[in-house]
Amino acid sequence: YKLPMGSSVLQIPRRAGGTVVYYPDEGGQIPASAMKFDQVRLEAKKYAQMALWSNELNDDSVIALADLLAGEMAYQFAKAEDFNGFVGDGTSAYAGVLGILPRLLSGYLGITPTASVVQAASGHVTPGLPTLADWNKVVGTLPLYAEGRAKWFMHKSVFWGGIAPLVEAAGGNIAMYLISGAPLKWLGYDVVFAQAMPTIANCTTGTIAAVLGDMNSTGFMGTRKGIRTVSSK
């Protein structure tokens, strides 16, 4: 969920608990309850790139070079955001971001692997990725409040190497998705390819192969300023 930041730090209230329903007798006292909130802290981090080129290139091909670099840098910024958000370990190599996968595996903020991470049955890892029963178990743990906007997030190789064969084996035709232009789906939910997620070759014991959920409910991203370019000769 993207939020504009008016300063380098933004504190966001987050629901941590709700009111309680009681069943008092007639004339009985209603116990008090209240909503509970904690804080999400967003701290702006500068993302920067610097590219060098010769004076000759600058004189002969400055327009083409600028167009090439703009596309390359935009791609690298987007890639950095994805990797930080999914696999960031909280170190400076990931701008201090602790990503979704490490949070789930480490039990951050009370989330424990047994509650939120579904483990495939024994032996159901690469090269034999989870079975249909394993994937069904993941869907069964999705909270009802996340149903409306929930999506799968996984590496492209996990879908085509692990899920597409299950669709075909069940009598589906995965090619029809591509022919019709419809979004790829798995067990009723749209699939989003996130190349920062582990590849099928890296999905071993202890690795999260896919995430199912509503990203608008699980993460915040602040935007402080737009992209600025500066050139120097």
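Refer to the structure presented above.
Residues numbered from 1 in each chain as written. Predicted model: local features only at pLDDT ≥ 70, side-chain atom pairs only at ≥ 80, totals over all residues. Heavy atoms only, no water.

**Some thoughts on the packing of aromatic side chains**
Overall, the coordinates contain 5 aromatic pairs when judged by the stated rule. Ring geometry for tryptophan 135 versus tryptophan 152: centroids 5.4 Å apart, planes at 80 degrees, classification edge-to-face. Here tryptophan 135 is found in helix α4 (residues 132-140), whereas its partner tryptophan 152 is found in strand β4 (residues 151-154), with 17 residues between them in sequence. A residue is classified by how much of its surface remains accessible, and tryptophan 135, at 4% relative accessible area, is buried. Judged by relative accessible area, tryptophan 152 falls into the buried class, the value being 0%. Considering the side-chain rings of phenylalanine 159 and tryptophan 160, the 5.1 Å spacing of their centres and the 85 degrees angle between planes classify their relative orientation as edge-to-face. Overall, the relative accessible area of 0% leaves phenylalanine 159 in the buried class. Given the relative accessible area of 31%, tryptophan 160 is considered partly exposed. A connected cluster of aromatic rings, assembled from ring pairs, spans Trp135, Trp152 and Trp186. (Phe/Tyr/Trp six-rings, centres within 6.5 Å; stacked < 30°, edge-to-face > 60°. Helix = DSSP H or I, 4+ residues; strand = E, 2+ residues; numbered from the N terminus. Buried < 20%, exposed > 50% of the residue type's maximum accessible area, 1.4 Å probe, protein only.)

**Section: a positive patch on the surface**
Side chains of Lys46, Arg224, Lys225 and Arg228 sit close together on the surface and give a patch of like positive charge. With respect to the helices and strands, lysine 225 occurs in the segment after β8 (221-223). (Patch = residues over 30% accessible without salt bridge, like charges linked within 9 Å, V, L, I, M, F, W, Y side chains within 5 Å. Areas by Shrake-Rupley, 256 points an atom, 1.4 Å probe, with all protein chains shown as cover. Salt bridge = Lys/Arg side-chain N within 4 Å of Asp/Glu carboxyl O. Lys, Arg positive; Asp, Glu negative; His and termini not counted. Charge placed at Lys NZ, Arg CZ, Asp CG, Glu CD.)

**Examining the environment of lysine 233**
Checked against the element boundaries, lysine 233 lands in the segment after β8. Taking relative accessible area as the criterion, lysine 233 reaches 81% and is therefore assigned exposed. For the pair formed by lysine 233 and leucine 52, sequence separation is 181 residues and the distance between their alpha carbons is 9.9 Å. Dropping the residues within four chain positions of it, lysine 233 is found in contact with Asn58 and Asp59. (Contact = heavy atoms within 4.5 Å.)

**Quick look at the sheet that holds strand β6 (residues 189-193)**
Spatial strand order, β5-β6-β4-β7: 4 strands in an open sheet with mixed pairing. At either margin of the open sheet sits one strand with a lone partner, and together these are β5 (185-186) and β7 (210-213). In this structure, β4 lies alongside β6, joined through 3 bridges in parallel fashion. Bridged to tryptophan 152 within β6 is valine 191. (Pairing = 2+ DSSP bridges.)

**Section: the pattern of salt bridges**
Tallied over the full model, the rule gives 3 salt bridges. Arginine 41 is paired through a salt bridge with glutamate 43; the nearest N and O atoms lie 3.8 Å apart. The residue aspartate 190 makes a salt bridge to lysine 185 at a minimum N-O spacing of 2.5 Å. Residue aspartate 190 is classed as partly exposed on the basis of its relative accessible area of 23%.

**Section: the environment of serine 8**
The residue serine 8 is located in the loop between β1 (2-4) and β2 (9-17) in this model. Sequence separation between serine 8 and arginine 224 is 216 residues, and the spatial gap between their C-alpha atoms is 7.1 Å. Excluding residues that lie within four positions of it along the chain, serine 8 makes contacts with Leu42, Glu43, Ala44 and Arg224.

**Some remarks on unusual backbone geometry**
You will see that alanine 95, though not glycine, has its phi angle at about 60 degrees, which is positive. With respect to the element layout, alanine 95 can be found in the loop between α1 (55-87) and α2 (100-106). Notably, leucine 187 is not glycine yet its phi reads approximately 55 degrees, a positive angle. Of the residues examined, leucine 187 reaches a relative accessible area of 29% and is grouped as partly exposed.

**Quick look at α1**
End to end, α1 covers just 39 Å across 33 residues, shorter than the expected 48 Å (1.5 Å per residue, more than 12% under). Roughly 100 degrees is the biggest bend found in α1, and it falls at serine 61. Asn58, Leu65, Leu69, Phe77, Asn84 and Phe86 are the residues of α1 that are buried. Contact partners of the buried residues in α1: α2, β4 and α7 (215-218). (Expected span 1.5 Å × (residues − 1). Bend = angle between axes of the 7 residues up to and from the residue.)

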